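Spelled out, the chains give:
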Amino acid sequence: MKIIIGKTAGFCYGVERAVKGAKAELNNKDKKIYCLGEIVHNREVIKDLENRGIEVIEDISQVKEKNSKTIIRAHGIPKEIYDKCEESKIEYVDYTCPKVLNIHKIAEEYSKKGYYIILVGASKHPENIGTISYCGKYYSIIEQVEDCQKAIEDVKKSKKDKCLVIAQTTYHLGKFAQIEKILKENLSEGIDLKIKNTICQATQIRQEETEDIAKKVQYMIIIGGKNSSNTKKLYEIASKNCKNTICIETKDEINLDDLKNIESVGIMAGASTPQESIDEVQELISSNI
Ligand code: SF4
């Protein structure tokens, strides 16, 4: 059986940086280490960090220990949380991915210049909750192509003559292109429309590679956390191009019987999937063919 593993499978730069940073913080034995939210959307990674002593908290008010440091994860946090940390003198270390910080900067800059902001992405995703805090009063979220019309009406109602469009770093490339087209067709007249494709390049390359591999194989395995949005998108892309596609968190979810008459398998993993999970899947398949 031929096995193709995506070159871009696994930790992206931002996740690698945050996870390495979190582990390094644990060297400081005198301080309690908190992590505000799950550092990445992957249970295996979280379990490992918790076993090493990190306490994951959901709210900054849960920081009880004075002699402590709080890790800000790669997805970033809303502006108000930074303010709370300063007010309550909570020591923190910021591992927000620089690409996410750049989106915050763009949103804040354009909001101050009077632009209406359209953010393309999932409204409840932590990254976007952070970004929204930099968008000011005038903004809309487009989660899916169907939401375009409502956003277009909202921009028109606001009477703003400037509009900026940005995207969640892990948004689906193809859908963003569709949304961009609709917005250009409907918001160009009398409005200074600026579109910045802020989808992370690592995401773009990974999505392209997923499509490419899925087209070549009979069976496709996507590895990643069930709550990882970039993993879900890889699954969507792979399913469209390979009818036998599964999405798993660990090797235990693979049913080897499904691979009996299969001659080629593709393996791809989301940005929060550790290398060990990818290796385990590969080993399981290789040792059973
Ligand atoms: S996907 Fe891109 S933006 Fe998101 S953490 Fe990774 S490198 Fe940063």
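Heads up: the structure comes first, above all this text.
Residues numbered from 1 in each chain as written. Predicted model: local features only at pLDDT ≥ 70, side-chain atom pairs only at ≥ 80, totals over all residues. Heavy atoms only, no water.

Some words on the packing of aromatic side chains
If you walk through the whole model with that rule in mind, you get three aromatic pairs. Ring geometry for Tyr-110 and Tyr-115: centres 4.9 Å apart, planes at 75°, overall edge-to-face. For Lys-32, the ring lying beneath its charged end belongs to Tyr-34, and the centroid distance is 5.4 Å. Seen from the ring of Tyr-110, Lys-113 lies directly overhead, with NZ or CZ sitting 4.5 Å from the centre. (Phe/Tyr/Trp six-rings, centres within 6.5 Å; stacked < 30°, edge-to-face > 60°. Lys NZ or Arg CZ within 6 Å of the ring centre and 35° of its normal.)

Re unusual backbone geometry
Positive phi is not limited to glycine here, since Lys-89 has a value of about 50°. With respect to the helices and strands, the residue Lys-89 is situated in the loop between helix H3 (79-87) and strand S5 (92-94). On the accessibility criterion, Lys-89 (73% relative accessible area) is exposed. With a phi close to 65°, Lys-159 is a non-glycine residue in the positive phi region. Mapped onto the elements, Lys-159 comes out in the loop between helix H6 (148-158) and strand S8 (162-167). (Helix = DSSP H or I, 4+ residues; strand = E, 2+ residues; numbered from the N terminus. Buried < 20%, exposed > 50% of the residue type's maximum accessible area, 1.4 Å probe, protein only.)

Re the packing of H6 against helix H7 (residues 173-187)
Packed helix pairs are characterised by how far apart their axes lie and by the angle those axes make with each other. Interaxial distance between H6 and H7 falls to 10 Å at its minimum, and their mutual angle equals 35°. Of the two possible hands of crossing, H6 and H7 adopt the one that is right-handed. Taken together, the residues of H7 that come into contact with H6 (itself represented by Cys-148, Ile-152, Val-155 and Lys-156) are Ile-179, Ile-182, Leu-183, Asn-186 and Leu-187. Residue composition of the contact of H6 with H7, by class: seven nonpolar, one polar and one charged. (Axes fitted to C-alpha atoms, helices over the stretch in contact; angles between N-to-C directions. Left-handed = near helix turned anticlockwise from the far one by under 90°. Contact = heavy atoms within 4.5 Å. Nonpolar A, V, L, I, M, F, W, Y, C, P; charged D, E, K, R; others polar.)

Some thoughts on the pairing of strand S12 (residues 264-269)
Counting buried residues in S12 gives six out of six residues, a clear majority hidden from the surface. The alternating pattern of S12 places Ser-264, Gly-266 and Met-268 and Val-265, Ile-267 and Ala-269 on opposite faces, both of which are buried. Examined bridge by bridge, strand S1 (residues 2-5) and S12 share four bridges and lie parallel to one another. By the bridge assignment, Ile-3 is partnered in S12 with Val-265. Sheet topology note: the strand S10 (residues 219-223)/S12 ladder contains five bridges and is parallel. Across the sheet, residue Met-220 finds its bridge partner in S12, namely Gly-266. (Pairing = 2+ DSSP bridges.)

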